[in-house]
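Survey of secondary and tertiary structure
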Amino acid sequence: MFFPMLLVAAAEMHSGRMEVAAEIARDRALCSAPSGKRRTVRGIVVTDEPGAEGVYRRLRVTADGGAYLIVHYDPASESIARARAACLGRQLELLRGLTGDERQGAQWYSVVFTNAANYSPPRGPSEVARWTIETDAAGRLTEAGQRTLTAVLPHEQVHLFQYRMQALPPRWFLEGHASWVGLKVSDRIDPAAAAADRRLKAEGAAKSKGQPLNLAGWGSVRPKREAIMRQVSDEDRARMMRDPNFAPSGSFRFTADDLIGDESNIVARYHAATALFERLEREHGAEAVHAFARETTATAGRVTANRMDELVRKHFNIGADALLADTTPSGTAR
Ligand SMILES: [Zn+2]
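Residues numbered from 1 in each chain as written. Predicted model: local features only at pLDDT ≥ 70, side-chain atom pairs only at ≥ 80, totals over all residues. Heavy atoms only, no water.

In this section: the sheet that holds strand β4 (residues 110–114). Read across the sheet, five strands follow the order β1-β2-β3-β4-β5 without closing on themselves; strand pairing throughout is mixed. Looking along the sheet, the strands with just one partner apiece sit at the ends: β1 (45–53) and β5 (130–134). Across the sheet, the mean angle from the axis of one strand to that of its neighbour is 25 degrees, orientation sign disregarded. Where strand β3 (residues 68–73) and β4 come together, three bridges link them in parallel fashion. Bridged to His72 within β4 is Val112. Sheet contacts for helix α2 (residues 78–99): β1, β2 (56–62), β3 and β4; angle to β3, the most-contacted strand, approximately 160 degrees. Packing against the sheet, helix α3 (residues 143–162) makes contact with β3, β4 and β5, and its axis sits at approximately 160 degrees to β5. (Pairing = 2+ DSSP bridges. Helix = DSSP H or I, 4+ residues; strand = E, 2+ residues; numbered from the N terminus. Axes fitted to C-alpha atoms, helices over the stretch in contact; angles between N-to-C directions. Contact = heavy atoms within 4.5 Å.)

At a minimum axis distance of 10 Å, the contact between helix α9 (residues 286–296) and helix α10 (residues 305–316) shows a crossing angle of 155 degrees. On the basis of the axis angle, α9 is roughly antiparallel to α10. In the packing of α9 onto α10, the handedness of the crossing is right-handed. Contacts from Ala288, Val289, Ala291, Phe292, Glu295 and Thr296 of α9 reach α10 at Arg307, Met308, Leu311, Val312, Lys314, His315 and Phe316. Of the residues that constitute the contact of α9 with α10, the class distribution is eight nonpolar, two polar and three charged. (Parallel < 35°, antiparallel > 145°, perpendicular 65-115°, else oblique. Left-handed = near helix turned anticlockwise from the far one by under 90°. Nonpolar A, V, L, I, M, F, W, Y, C, P; charged D, E, K, R; others polar.)

Following the sequence through the fold, Arg225 ends up in helix α6 (residues 225–229). For Arg225, a relative accessible area of 30% gives the class partly exposed. Among all residues touching Arg225, those that are not within four sequence positions of it are Met240, Asp243, Pro244, Asn245 and Phe246. There is a polar contact of 3.1 Å between the side chain of Arg225 and the backbone oxygen of Met240. (Buried < 20%, exposed > 50% of the residue type's maximum accessible area, 1.4 Å probe, protein only. Polar contact = N/O pair within 3.5 Å; in protein donor to acceptor, adjacent residues only side chain to side chain.)

Before going further, it helps to spend a moment on the nonpolar core. Of all hydrophobic cores here, the largest spans 63 residues; its most connected members are Val71, Leu88, Trp108, Phe113, Trp172, Phe173 and Phe292. Among the elements that take part in this core, α2 stands out by supplying 10 residues, more than any other. Taken domain by domain, the makeup of this core includes at least three residues from each of domain 1 (31–164) and domain 2 (202–220 + 262–332). Ile228, Val232, Met240 and Phe246 belong to the second largest nonpolar core, which has five residues in total. (Core = buried A, V, L, I, M, F, W, Y, C linked by side-chain atoms within 4.5 Å. Domains from an automatic or database assignment.)

Our focus in this paragraph is helix α5 (residues 191–207). In this model, α5 (17 residues) spans 24 Å end to end at C-alpha, consistent with the 24 Å of a helix rising 1.5 Å per residue. Along α5, the positions that sit buried rather than exposed are Ala193, Ala194, Ala196, Arg198, Lys201, Ala202, Gly204 and Ala205. (Expected span 1.5 Å × (residues − 1).)

If you check the backbone angles, Gln166 has positive phi at about 65 degrees while not being a glycine. Assignment of secondary structure puts Gln166 in the loop between α3 and β6 (167–168). With phi around 65 degrees, Asn317 is a residue other than glycine that occupies positive phi space. Relative to the elements of secondary structure, Asn317 occurs in the loop between α10 and α11 (320–325).

Turning next to the state of the cysteines. Summed over all chains, the structure comprises one disulfide. The disulfide bridge from Cys31 ends at Cys87, spanning 2.1 Å between sulfur atoms. One disulfide, between Cys31 and Cys87, carries an S-S torsion of 100 degrees and so falls in the right-handed class. Here Cys31 is found in the loop between α1 (2–30) and β1, whereas its partner Cys87 is found in helix α2, with 56 residues between them in sequence. Summarising the burial analysis for this pair, Cys31 and Cys87 share the class buried. (Disulfide = S-S within 2.5 Å.)

Written as structure tokens, this is what we have:
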């Protein structure tokens, strides 16, 4: 009696795998659809939005849970914008599934298909950020346009998810999480773009090998050296000029112009932060990492170093310092 049941189970497993393979093939076809095609996928609705912004018209792409984005396009790029609309909808579905996003009717970042080299999107508090997807004079997608569509955009959309409750976690978390999830989407829809993204990060990291990563300090605000130099004794100033590592003691006053975010060694930091999330996935499983990311971004306001430490301990059973210190990106390049 067991035999037929086993057979059924085996057949189900087999058809499950076939279904996944077929879905992946379909997603890749959607994301490389040539101009003129209008692919349709069950659950993704593409509608023309009323109104125009100069020559730019727009589509609305709605996916499951009512998640949607606006696609702007210039006249030359209309055909490719319509061809790739379903790809953009699939990205939202994949992102919702991967992040465990349960919001209904959420608007995600917009895109604009344009061949205007000087295109600059309207900005302002009421504007949803818009990513430019480059086309050529004939309205065909350029290589850069395809890369933005299938590698940059998934990463940026994760930032929108992270900001859904106006949480402000540290930079290493934001970029590591966005790259980790974004690359999963890219792997699925355009493996060549995902591989190119990984290669760029690894090459950039190799170039600055040996420089300290200080992931915890990434993006932190610090005063410009000139602003300190202006306020110290002649003796200290001379020493600061001789020795770039010398930091004089004392209290200083800074204006907003005196402060800069620490954005040094940036590609290596992207690479290391991505590798950190990939390592967490290997050691704790993807679901644990997603739960950590959801909780880290669940409440408004700055996520302090102490709070970050608490969250890392809760989800991974080590301190944030230990986690960040143990970052060796060169060994984890793929
Ligand atoms: Zn980012």
